[in-house]
Amino acid sequence: MGLDIPGATGSRPDAVPLDESGAEDLLRGICFKTGPPRTVGVELEWLIHDRERPDLPVGRERLDSAVEAVRALPLSAALTFEPGGQLELSSQPAGSLMECVDTTAADLAAVRASLGAAGLAPVGLGVDPWQPPYRRLRERRYEAMEAALDRAGPAGRAMMCTSASVQVCLDAGEEEPGPLGYGRRWQLAHLLGAVLVAAFANSPFQQGRRTGWRSTRQSLWADLDPGRTLAPGSGRAPREAWAAHVLDTTVLCIRCEEGPWDVPEGLTFREWIRTGSPRPPVRADLDYHLTTLFPPIRPRGHLELRMIDAQSGPDGWLVPLAVATALFDDPEAAETVYRAVKPLAETAGSPAAPRNPLWTTAAREGLADPELRAAATVCFGAALPALERMGASGAVRATVAAFTDRYVARGRCPADDLTEPGDLTGRSLLADRSLLTGPSKPTGPVPPAGPDVPTGPVDGPALGPERLVAGPPTIPPSPPRPGKAASA
């Protein structure tokens, strides 16, 4: 029987200790798989709440039962649960945008129906506006992750247990230069990413209070272990920059077969290779290390766009999926958008994303910032004809157009629709039933937005520790699958 934790003993090929040059070669070979962009995928994270009182925690036994029912569904997507009980659907790579939309919509309809039978619903917000962090999963990787991230402050626990996102996965691009070249797409992602943060910001509250950020989720990511969440520094070719960044980032944990995993402090993967202590790292350790790095754009052969807040309503998730796919994969749109966002590099300055002025402004101000609003107007304007050229359905294009009219054209984002924190109760929030319920297929235009909601700090009732669900963990571990071991 093979060892679950490689590197201790054994003669398997992946148990051979890595050397520094071998690790660099591996990283350069796997980070950008080039070729004409053909496939697209999406990962949807959802908070799980009671349909009638989403401000109250879901009880232990009730959530256990709902989880088991969802796991029994014949889904196309891979299903996992995050440390705080968030549900994640990770689609299979699809050959077109519409294939991805249709299969994901069908899976989500099944999940909504199953949760609905238990009186629960998936909620699309970037950060839970009511509950403090409470980790339900007690797997060793999450024990280690919590211990490591706690060193930088409370943002790690909040990210693990109370955040949710829409992650879009696109091919890295062609080897050759040009609008679809991987080098151009890599550069575009780090500028357009800030526009996507601003346009889809949807998390202005945390534990019953307004935080001062349109995207509190993005502010949490920026506050995590800074090396682990930063993009690679500029000035080097993408493959070389990423390989160096991976090796020079600290190791989150060193796995072992028994007992808690070691959580070293300040040990980079490069130093681990050089010292060989407490045991020499092997290929599987490098693969695992890659899943513990959380930059806003993560190259995993393809590009994983990680900066978008979870979106409210039955169709909200498909807007960032459709827009990002159109802007990256349609050559005409990609060229237009590259020219529009290139000047944003001056605002970003030399610090790496997401800890630079451009990304900070995007998370705090959303599209209220004039520069980001202007860029978003060009980007969403280019997305609509690109979607038609890509064969997107009329319903998908209508949903994107409605979002554009409701938010981008007005310099607003979904966070601006949310109520004041003092009114964050299930009854008031359910005035917009689409936040929690509704069909998962695209439904077309949404009603016009109401008046702008004030966005300055407002005092409101904090939800105290009495709202925590006491007792042992509630969600049984998910079976492991490649690439998701500790992706948070």
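Residues numbered from 1 in each chain as written. Predicted model: local features only at pLDDT ≥ 70, side-chain atom pairs only at ≥ 80, totals over all residues. Heavy atoms only, no water.

Tallying secondary structure elements over the protein gives 18 helices and 9 strands in all. Within the protein, counting contacts between residues at least 6 apart in sequence, those at least 24 apart form 80% of the total. For the protein, the accessible surface area stands at approximately 18,300 Å², while carbon and sulfur atoms represent 55% of it. (Helix = DSSP H or I, 4+ residues; strand = E, 2+ residues; numbered from the N terminus. Contact = heavy atoms within 4.5 Å. Areas by Shrake-Rupley, 256 points an atom, 1.4 Å probe, with all protein chains shown as cover.)

One pass over the structure, following the stated rule, counts 9 aromatic pairs. With a centroid separation of 5.3 Å and 45° between ring planes, the pair formed by F32 and Y182 is classed as tilted. Placement of the pair is F32 in the loop between helix 1 (20-30) and strand 1 (40-50) and Y182 in helix 6 (residues 182-199), with a sequence separation of 150 residues. For the residue pair F32 and Y182, the accessibility class agrees, reading buried in each case. Centroid distance F200 to F380: 5.9 Å. Interplanar angle 45°. Geometry classified as tilted. Pair noted here: F200 is in the loop between helix 6 and strand 6 (205-206) and F380 is in helix 16 (residues 370-389), with a separation of 180 residues, a long-range link. Across the pair, exposure class does not vary: F200 and F380 are buried alike. Across from the ring centre of Y134, 6.0 Å away, lies the NZ or CZ of R138, which sits over that ring. (Phe/Tyr/Trp six-rings, centres within 6.5 Å; stacked < 30°, edge-to-face > 60°. Buried < 20%, exposed > 50% of the residue type's maximum accessible area, 1.4 Å probe, protein only. Lys NZ or Arg CZ within 6 Å of the ring centre and 35° of its normal.)

Moving on to the nonpolar core. Within the largest apolar cluster, 104 residues are counted, with the highest numbers of intra-cluster contacts made by L87, L192, L305, W317, L321, L327 and F380. Take this core: its biggest share by element is 12 residues, from helix 6. Filtering out sequence-adjacent residues up to four positions away, L87 remains in contact with L44, E45, W46, I48, V70, L79, T80, F81 and V111. Residues A155, M159, C161 and W221 belong to the second largest nonpolar core, which totals 21 residues. (Core = buried A, V, L, I, M, F, W, Y, C linked by side-chain atoms within 4.5 Å.)

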